[in-house]
Amino acid sequence: MTALLGMTILSLPPGNISLLWLPSGIGLIMFMRTGLLAIPFVFIASLAANLPQMDAAMLNHGAYHAVVAAFIDTLSSAFTAFLVQRFLPQGLRKSWDVAVFVLFACIVPMGMTSLLLCVNLWWGGYIGLEQGMDYFQALFLADSLGVLLVYPLYLSLQNLSWKALSWPKSILLVQLCALLAVVVAFLWLPGVIYLIFPLLTFIALRGCPYHLGIALMLSVITSLMMASMGLGPFALAEQNAGIVLLMSFVFCIALVSLAVMLHQQELNDANRIQAFWREKAIHDDLTGLYNRVHFMRRLEEERQRCERTGIQYVVALMDLDWFKKINDQHGHIVGDRVLAGVAALLQKQLRQIDVLARIGGEEFALLMPGISIEQAGQALERLRSTLELQGISVNGTTHNITVSIGAMQADGTPVEILLQKVDRLLYHAKHQGRNRVEMYLAGQ
Ligand SMILES: Nc1nc2c(ncn2[C@@H]2O[C@H](COP(=O)(O)OP(=O)(O)OP(=O)(O)O)[C@@H](O)[C@H]2O)c(=O)[nH]1
């Protein structure tokens, strides 16, 4: 069907040169998906498309040359699939892949195919030797365009996500503008054709591969269809030169927007990975709380803020009591779950601006900005008693666990000295029998 489309609506009379040969891309995908099973299907499809044309035009042995053309098409698809699988086993991922793709999916196999098809046409008496170069250029560009439009669209359909299906209004609008720009350029204002570059670049930067694939397919087919009616900026007196110009133009549009999209995807991936590791670097894996590094940084920030503004804050250190027993009796896995459960319970009780971190095995640190020691004392006592009363449930078993807490109101005291003081309070809480909150005011 796409071959017929190429030979009818998308072809230039009287030479019947197809401006876009989508079967080259479809054949490639058939071989990539089904291997040698694709041979009869590609062969028959090509024969069905070529036979009526050649039978009508060939001086002699039309059917014979149609069979040769079908054989060349089949060989071309199989060879392209081999090269793509060999040199781009992961598909198109990086912007550099577009260069590899152009070389191994367009230039090498399509150059070879176009040469063989031209020889076949010349041999059948369909074209003269002097027309060889024109036909070679047209066949090469039409086949390459087919691969360049179909393969990326196929890849995007494979990884189609809900995001692509949602089709943002801005993307839809730009897709319609691109189509409109083609129509206006071909009917009235030739210069408008250059608008297609920024419009497709916008889609490449903001949309999914699927959005770009559809936009490209629509604008390329529309422009080639209108060119085949003799319209548009590329309708030159020298018809073949005009054809080659137009096909080169749409080839470049497809190529550049595809490279821009892949580059943008690379940037997005890099940003996502960077954000992931940035978060990981300040979090504790087991509990999801902040880790010591982040806690110390926030503590120093708060100390400096206190020096500037005089707003005091409270620092607490918390250590689970007899936690070793849980590990010894139930194993480390249960111990881990209890730790995670404690972290979740503590976090739930705190304000959003409080910074809770796991700074050691079963030791937690808490920074409570803009709060008095009396208010903090109440909050910490609530934490302690909630943990004591609720315990932590793991696999249906509730583990009784308590926590000892040391806390003090802080001012501009260096953080290391501050933590030493709070640690002494925690030590005191342990020695006083555990499961209690010990605190004093700054300067005490
Ligand atoms: N499951 C688990 N256990 C941990 C982890 N980190 C430290 N521990 C254990 O926590 C226990 C801490 O034991 P101790 O330092 O003796 O303290 P304790 O048993 O809680 O007793 P006190 O602190 O004196 O009340 C040890 O058994 C460590 O192996 C962890 O990430 N997962």
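Residues numbered from 1 in each chain as written. Predicted model: local features only at pLDDT ≥ 70, side-chain atom pairs only at ≥ 80, totals over all residues. Heavy atoms only, no water.

The name an unreviewed UniProt entry assigns to the protein is diguanylate cyclase, from the organism Bowmanella yangjiangensis. Listed in UniProt under the heading Subcellular location (unreviewed entry), the comment for the protein reads: "Cell membrane". (UniProt positions renumbered as here; feature names shortened; annotations may be inferred.)

## What to know about the packing of helix H8 (residues 169-187) against helix H9 (residues 196-206)
Here H8 crosses H9 at 160 degrees, and the two axes come no closer than 9 Å. The pairing of H8 with H9 is recorded here as roughly antiparallel in orientation. For H8 against H9, the interelement crossing comes out left-handed. Between H8 and H9, the residues in contact are Ser170, Ile171, Val174, Gln175, Cys177, Ala178, Ala181 and Val182 and Ile196, Leu199, Phe202, Ile203 and Arg206, respectively. A class-by-class count of the residues in the contact of H8 with H9 yields ten nonpolar, two polar and one charged. (Axes fitted to C-alpha atoms, helices over the stretch in contact; angles between N-to-C directions. Helix = DSSP H or I, 4+ residues; strand = E, 2+ residues; numbered from the N terminus. Parallel < 35°, antiparallel > 145°, perpendicular 65-115°, else oblique. Left-handed = near helix turned anticlockwise from the far one by under 90°. Contact = heavy atoms within 4.5 Å. Nonpolar A, V, L, I, M, F, W, Y, C, P; charged D, E, K, R; others polar.)

## Observations concerning the pairing of strand S5 (residues 363-369)
Of all seven residues in S5, seven are buried; the element is thus mostly enclosed. The alternating pattern of S5 places Glu363, Ala365, Leu367 and Pro369 on one face and Phe364, Leu366 and Met368 on the opposite face, and all of these are buried. Bridge count between strand S3 (residues 313-320) and S5: seven bridges; the pairing is antiparallel. Bridge pairing links Val315 to Leu367 in S5. Two successive antiparallel strands, strand S4 (residues 355-358) and S5, enclose a turn made up of four residues. (Buried < 20%, exposed > 50% of the residue type's maximum accessible area, 1.4 Å probe, protein only. Pairing = 2+ DSSP bridges.)

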